[in-house]
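# Analysis of the macromolecular model
Now for the letters of each chain:
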Amino acid sequence: MQFTGSHIISIGQFERADIERIFEVADQMVPYAHRRRVTKVLDGAILGSMFFEPSTRTRVSFGSAFNLLGGEVRETIGFESSAIAKGESLYDTARVLSGYSDVISMRHPQEGSVAEFAAASRVPVINGGDGSNEHPSQALLDLYTIKKELQHHGRDDVDGLRIALIGDLKYGRTVHSLCKLLTLFKDVTIWLISPKELRMPGDIVEQMRTAGLTVNESDSMEDSIAHVDIAYSTRIQEERFASQEEANLYRGRYRLNQAIYTRFCEPNTVIMHPLPRDSRAGANELDNDLNDNPNLAIFRQTDNGVLVRMALFALVLDVVDLVDKYSSDVHWYTGSRF
Ligand code: CP
């Protein structure tokens, strides 16, 4: 695809070569994300960050990624701090804010809303999650992490991947985008583990089967995680249910903890989760007792999110080849985080 000036709305717009290009640029961003170098390549550029649903990782890592490239961030958080609360349309909001920004990252509770906004925007828009539809940058950082974790275990390719997705597959936008992304790879076997009522939407299952993936659906976690490279847990998306009572029917249904991992998983199975994990007693789908498990990759995922989002900005704003030219040394204590 032509990255320069493009909106990033759906995983469906990428081909495999595009994914490889994004990951190549993400690798190039490591010295900057890890505070070994600074770059001012986006000095003067403005990111409009518009998040109309709660977010910690996506909102802050998009902002950090833009700052790390030398740009500035202007934030709108929640409908109550936007004129949308006074009845302004997405069209008008897009026309206005695209005059104030060079690129926009956006999250909104309605499926299709970010695409509608992008159609009216005069600058590129990156989807940070539209309802239960898609979360493309999360899928990209998930796949980037999968690739790195497999490499750590001596495998050089995502082809042949065996992965289990566990939890709320009906409303989880991260797993919708990840499933679509996996259709670009060969010999992938996927276990979809959920209560019957929260199954992966049929059109996405069909898309995977048509692309040649082996898809197994089950409501039993223990048997399904026995032979996988990746066990990817998800939260019950309570905000998408009609009531808390309905969400409570499913919360805590699947709990991956160290005892279950030791008993059922292969020794190198990597544990992933898009986060936030629901650490309340009634949920706890990914137990804190896994925190010291070296195969728990959840915080490597969050770190990788910065690299992938830097790559998206650099590609969309066409500065990949200039990042190093506008770089300099770091002068402050950077610690040993990475
Ligand atoms: N993974 C993810 O989308 O997290 P946030 O809701 O915190 O952005």
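A brief look at the structure comes next. Given the structure is predicted, the values throughout are model-derived calculations rather than measurements.

### Focus on the pairing of strand β9 (residues 230–233)
Side-chain alternation along β9 places Ile230 and Tyr232 on one buried face and Ala231 and Ser233 on a second face that is also buried. Pairing of β9 with strand β10 (residues 270–272) involves 3 bridges; the strand directions are parallel. For Ala231, the partnering residue across the bridge sits in β10 and is Ile271.

### A closer look at the pairing of strand β7 (residues 189–193)
Across a regular strand the side chains alternate sides, sitting on one face of the sheet and then on the other. In terms of residue burial, β7 counts as a mostly covered element, since 5 of its 5 residues are buried. Going residue by residue along β7, you find Thr189, Trp191 and Ile193 tucked away on one face and Ile190 and Leu192 tucked away on the opposite face as well. Here 5 bridges tie strand β6 (residues 162–166) to β7, and the two strands are oriented parallel to one another. Each bridged residue has a counterpart across the sheet, and for Ile166 the counterpart in β7 is Ile193. Note that the unit made of β6, helix α7 (residues 173–182) and β7 has a crossover that is right-handed. Both β7 and strand β8 (residues 214–218) contribute to a ladder of 5 bridges, which runs parallel.

### A short note on the packing of aromatic side chains
A full pass over the atoms with the stated rule returns 7 aromatic pairs. Ring centres 5.2 Å apart and planes at 70° place the aromatic pair Phe23 and Tyr144 in the edge-to-face group. Taken as a pair, Phe23 in helix α1 (residues 16–28) and Tyr144 in helix α6 (residues 136–152) lie far apart in primary sequence, 121 residues in all. For Phe23, a relative accessible area of 6% corresponds to the buried category. Taking the relative accessible area as the measure of exposure, Tyr144 reaches 3% and is therefore buried. Pairing Phe241 with Tyr250 gives two aromatic rings, centres 5.9 Å apart and planes at 35°, and the pair type is tilted. Among the aromatic side chains, those forming a connected cluster through ring pairs are Phe62, Phe66 and Phe313.

### Thoughts on empty space enclosed by the protein
A probe as big as a water molecule, rolled over the atoms, marks out the empty space that is left. This model, assessed by the stated rule, comprises 1 cavity of 30 Å³ or more. Along its surface, the largest cavity is lined by 16 residues, and Gly167, Thr234, Ile236, Tyr254 and Glu285 are the ones closest to its centre. Residues that form the lining of the largest cavity fall into these classes: 7 nonpolar, 4 polar and 5 charged.

### Digging into α1
Compared with the 18 Å implied by 1.5 Å per residue over 13 residues, the 19 Å span of α1 between its first and last C-alpha is a close match. Those residues of α1 lying buried are Asp18, Ile19, Ile22, Phe23, Val25 and Ala26. Down the axis, α1 shows its buried residues gathered within 160° of arc, on one side only. Where α1 is buried, its residues touch α2 (30–33), α6, α7 and α12 (298–316).

Calculation notes
Residues numbered from 1 in each chain as written. Predicted model: local features only at pLDDT ≥ 70, side-chain atom pairs only at ≥ 80, totals over all residues. Heavy atoms only, no water. Buried < 20%, exposed > 50% of the residue type's maximum accessible area, 1.4 Å probe, protein only. Helix = DSSP H or I, 4+ residues; strand = E, 2+ residues; numbered from the N terminus. Pairing = 2+ DSSP bridges. Right-handed = clockwise from strand over helix to strand, strands pointing away. Phe/Tyr/Trp six-rings, centres within 6.5 Å; stacked < 30°, edge-to-face > 60°. 1 Å grid on protein atoms, 1.4 Å probe; cavity = no way out; pocket = protein on both sides within 12 Å on 5 of 7 lines; lining within 4 Å. Points joined across faces, edges and corners; volume = space filled by probe spheres on them. Nonpolar A, V, L, I, M, F, W, Y, C, P; charged D, E, K, R; others polar. Expected span 1.5 Å × (residues − 1). Arc of directions from axis to C-beta. Contact = heavy atoms within 4.5 Å.

Geometry only, nothing functional implied.
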